[in-house]
Amino acid sequence: MAKRRSTGELSYSLVMNGLAILALLILVGPVLVVLATSFTDSRSIRFPPEGFSIRWYELLLDGSRSRQIHRAAGNTLHVALVSAGLATLLGTAAALGLSRLAGRAGRAADAFLMSPLVLPGLAFGLAALMYFTLLGFRPSLGLIIAGHLVVVAPFVLRTVGASLSQLDPALLDASLSLGASPLHGFRRVTLPLIAPGIAAGAFLAFMASVDNVPVSLFLSSARTDMLPIRMWGMMESTLDVRVAAVSGTLVLVAFLLMLVMERLTGLTRRMRG
């Protein structure tokens, strides 16, 4: 019986390890293909690359020949910074409010605020376009920021909420008993303890905004070109290898930022919380 159980456990372990390796290949494989393609010497996107060259990264950094890409990247960075900053403020405030609600009201409010993560992105982008059009607004960076804000704010709400759930209420009671005002207790007790959760949420909101396609697709125009939309257009029209170079740059930047945030805030642990 013990031998049969040991054989079953070994088989289960092998199957789970195989699935883990398969999942890793599916997730990492495309990234490696894009990185390898970005260093090709060919004039078109193809894999495996015919030769090694950094010419496409040099062309990408050329301000005159890659002006449209730089403008789209600047718009994307501007939108991501503003929307992530607003999402940090609003998401933190919402998380603080939800922490004081209990029962059905708290669960209903939490479900409502987290609903943008459940809605299909294309459906929300189209709905936002129709809504702003009915109000008489034209596509602009302000509208894109508003659309991104709705989509990325739940990330801050979730990470800050997880931090608040780990906060010991006795600390606030102690500060009140020692004569501290609620505002002083928040500034000196609550805020320092949830600061890593706020930072993690801001980082996730920033990355989600940079990578957002549906909202940017419907709310952008020729003057408010966004980097994901620019890359999409280049892929459809010319198969420009600079798309692979942009992708490689984004992967590197995201990886470095992820390492920094994991080091400072323990991002993985807070997402699990």
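Just so it is clear, the structure is predicted and the values come from calculations on it, not from any experiment.

Draft legend 1. Region of interest: the packing of helix H3 (residues 67-98) against helix H10 (residues 227-237). Here H3 crosses H10 at 150°, and the two axes come no closer than 8 Å. From H3, Gln68, Ile69, Ala72, Ala73 and Thr76 reach across to H10, where they touch Leu227, Pro228, Arg230 and Met234. Residue composition of the contact of H3 with H10, grouped by class: six nonpolar, two polar and one charged.

Draft legend 2. Local environment of the pattern of salt bridges. Enumeration according to the criterion identifies four salt bridges in this entry. Arginine 158 is the partner of aspartate 110 in a salt bridge, and the nearest nitrogen-oxygen pair spans 3.5 Å. Of this pair, aspartate 110 sits in helix H4 (residues 103-114) while arginine 158 sits in helix H6 (residues 141-165), placing them 48 residues apart in sequence. Taking relative accessible area as the criterion, arginine 158 reaches 36% and is therefore assigned partly exposed. Measuring nitrogen to oxygen at the nearest pair gives 2.8 Å for the salt bridge that ties arginine 230 to aspartate 225.

Draft legend 3. The side chain of threonine 37, seen in detail. Along the polypeptide, threonine 37 turns up in helix H1 (residues 2-38). Assessed through its relative accessible area of 4%, threonine 37 is described here as buried. Those residues in contact with threonine 37, other than ones at most four positions away along the chain, are Ile45, Arg46, Phe47, Val241 and Ala244.

What counts and what doesn't
Residues numbered from 1 in each chain as written. Predicted model: local features only at pLDDT ≥ 70, side-chain atom pairs only at ≥ 80, totals over all residues. Heavy atoms only, no water. Axes fitted to C-alpha atoms, helices over the stretch in contact; angles between N-to-C directions. Helix = DSSP H or I, 4+ residues; strand = E, 2+ residues; numbered from the N terminus. Contact = heavy atoms within 4.5 Å. Nonpolar A, V, L, I, M, F, W, Y, C, P; charged D, E, K, R; others polar. Salt bridge = Lys/Arg side-chain N within 4 Å of Asp/Glu carboxyl O. Buried < 20%, exposed > 50% of the residue type's maximum accessible area, 1.4 Å probe, protein only.

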